[in-house]
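Overview (structure and organization)
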Amino acid sequence: MPSFNLFLLPGDGIGPEVMAEVEKFIAWFNKQGIAKLETARGLVGGCAYDAHGKAISEEHMALAQSADAVLFGAVGGPKWDKVPYDVRPEAGLLRLRKDLGLFANLRPAICYPALADASSLKRNVVEGLDILIVRELTGGVYFGEPKTITDLGNGQKRGIDTQVYDTFEIERISRVAFDLARTRRNKVSSTEKRNVMKTGVLWNEVVTRIHAEEYKDVQLEHVLADNCAMQLVRWPKQYDVIVTDNLFGDVLSDVAAMLTGSLGMLPSASLGAPNAKTKRRKSLYEPVHGSAPDIAGTGAANPIAMIASFAMALRYSLGLGEWAGKLDAAISAVLAKGLRTKDIAGDQPANASTSQMGDAILKELKAAA
Ligand code: IPM
Ligand code: MG
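Anyway, here's the lowdown on the structure attached to this text. Not measured: the values here are computed from a predicted model. Every chain is numbered on its own, with residues counted from 1 as its sequence reads. A letter from A marks each chain and a number from 1 marks each ligand, given out in the order of writing. Reporting in this predicted model follows two pLDDT cut-offs: at least 70 for local features of residues, and 80 or more for side-chain atom pairs to be given and counted; totals over whole chains, interfaces and linings ignore these cut-offs and use all residues. Excluded from the side-chain calculations are hydrogens and water; all other atoms, namely the structure's heavy atoms, are used.

1. So, the pattern of salt bridges
Put simply, a salt bridge is a Lys or Arg side-chain nitrogen that is within 4 Å of an Asp or Glu carboxyl oxygen. Under the definition given, this model contains 27 salt bridges. Linking Lys24 and Glu21 is a salt bridge whose minimum nitrogen-to-oxygen distance equals 2.8 Å. Of this pair, Lys24 and Glu21 both sit in helix α1 (residues 15-32), three residues apart, which is roughly one turn of the helix. Where Lys337 meets Glu364, a salt bridge forms, and the shortest distance between an N and an O atom there is 2.9 Å. In this pair, Lys337 sits in the loop between α11 (321-336) and α12 (354-368) while Glu364 sits in helix α12, placing the two residues 27 residues apart along the sequence. The rule is simple: take the accessible area with a 1.4 Å probe, protein chains only, and divide by the maximum for that residue type; under 20% is buried, over 50% is exposed, in between is partly exposed. Exposure remark for Lys337: the relative accessible area of 65% places this residue in the exposed category. Each of the salt bridges in this network shares a partner with another, and the network as a whole consists of Lys54, Glu58, Arg95 and Asp99. By definition, any uninterrupted DSSP run of H or I lasting at least four residues is a helix, any uninterrupted run of E lasting at least two residues is a strand, and each is numbered from the N terminus.

2. Structural notes on the site of ligand 1
Working definition: residue near molecule or strand if any one of its non-hydrogen atoms lies within 4 Å of it. All residues adjacent to ligand 1 are Glu90, Arg97, Arg107, Arg135, Tyr142 and Asp250. Whenever two N or O atoms come within 3.5 Å, that pair is a polar contact, provided that in protein one can donate a hydrogen and the other can accept it, and provided that, for residues adjacent in sequence, both atoms are side-chain atoms. In the environment of ligand 1, an oxygen atom lies 2.8 Å from a nitrogen or oxygen atom belonging to the side chain of Arg107. Tyr142 is positioned with one of its side-chain polar atoms (N or O) 2.5 Å from an oxygen atom of ligand 1. Using the Shrake-Rupley algorithm and a 1.4 Å probe, accessible areas are obtained, with residue cover drawn only from the displayed protein chains. Coverage of ligand 1 by the protein amounts to 77% of the 320 Å² it exposes when considered alone. Following the grouping adopted for this structure description, the nonpolar residues are Ala, Val, Leu, Ile, Met, Phe, Trp, Tyr, Cys and Pro, the charged ones are Asp, Glu, Lys and Arg, and the polar ones are all others, Gly among them. Looking at the shell around ligand 1, its residues break down into one nonpolar, no polar and five charged.

3. Brief notes about the sheet that holds strand β9 (residues 219-224)
Strands in a sheet are paired, the pairing made by backbone hydrogen bonds, and the direction either parallel or antiparallel. Should DSSP find at least two bridges between two strands, the strands are regarded as paired. Reading across from one edge, β2-β1-β3-β12-β11-β4-β5-β10-β8-β9 is the order of the 10 strands in this open sheet, with mixed pairing throughout. Whereas interior strands pair on both sides, the edge strands pair on one side only; in this sheet they are β2 (36-41) and β9. Mean inter-strand twist for the sheet, computed between neighbouring axes without regard to direction, equals 25°. As paired elements, strand β4 (residues 104-110) and strand β5 (residues 130-136) share seven bridges and run antiparallel to each other. In the strand pairing of β5, Ala109 is matched with Ile131. Lines fitted to the C-alpha atoms define the axes, with helices restricted to the stretch that makes contact. Angles between their N-to-C directions range from 0 to 180 degrees.

The following block contains the structure:
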C-alpha cells in the first residue's frame, strides 16, 4: 500500500471547517486501505501569529518541507489587520510558496452543469466551462526587490514594488502549461502586458521560443492581460490553458472562479520542480477562496474547493488519479442532486451546511467505490 505524509495547515477563518471535511476523506482512504495517509497538523497565518508571533514557525516550515503534500486551508482576517507587515497572515502562505519552490500554480475552473445558474453570467456562456489557469507563483511583483515604502522627506512617501522575471522562470512555467495543454484541448493562451511592461516583452519572447522549439503541436496564442480579463467574462469557453504571471494570475483566477458560480468551488495545486532522483514534486493544495471571516463558525462555508484540492493532491502527488476522478465525479453527482451551500444556492435558501456537503460527497464516493 502506498504511504504518504500529509501536512495539514487549516489556518484561519473557515480554513479549519473546510479542512475538517477533507479529514473525513483521509480517514476513509485509510480505512479502506487505498493508501496509508499519515497526517500532522500545523499552524499558519493569524493563528500562528497568536501562538508564536510569526505567520509560520521554523518547525512547521520544516514539516512542510518534508511532507509529500501540504494541504492548506485559508489565512487572514480583520483580527490581524494591524499586525506588522512581515508577520501578517499572508506572509506564511507566501513563505511556503517561495521556500518550497512552488512555482507552478494550477487553478482549474470547471462549471458543473448543475451550477450554471449560480454564475452571474448567462448559462450558455458558462455551462460546460473547463479551463485551467497556470499561474507563475514564486516570482514577479510578489517577491521582486526593492519592495519598500520610503519617506521622501517633503511630506511625501514613495511605495515601490518590483516586477521581475528571469528567462528560466518563464521557460519552466510555460513548459508546465504546454505539457498540461497536451493532456487537454491542446491550446495555450499566454497572457502579459507587453505593450507596457518589459517583463511582458520578455515573457512573450520566451513563451514563443519554447513553443517553437519544443511544442509546435500545441496551439499558442498571445493575449494582453486586460483583454484576457474581458474575454473571460465575454466568452470564456474560447480558452483551454491560460499561462500568466503571478499578479495577473491572481486577478484572472478570481474572475475565472466566479464563472463557475462561486469562489467556493475553485481548487488549486502549487507544484515545485520534480526532484532529480525521486521525481516527486514538492506540493501544496489550497482552495482559491480566502478565510471568509464573516461566515466562519456558522457552518455556511462551501467545502467543495477544499475537497477538490484534496482530489488534486490525489492526482498530482499521491499517484491516485483514478480516485481523484471518482472524487470529482462524486462532487458533480451531489451538485446534480441539488445540494447547495449558501454561496451556490442562488436565490433559494441553502439546503446544506459545510459538514452536510462533505458527508454527502463522501457518501457518493463510497457508493462509487
Ligand atoms: C491567492 C490569494 C493570495 C495571493 C493571498 C492570500 C496572498 O489571493 O492565492 O490567490 O495573492 O496569491
Ligand atoms: Mg487571489
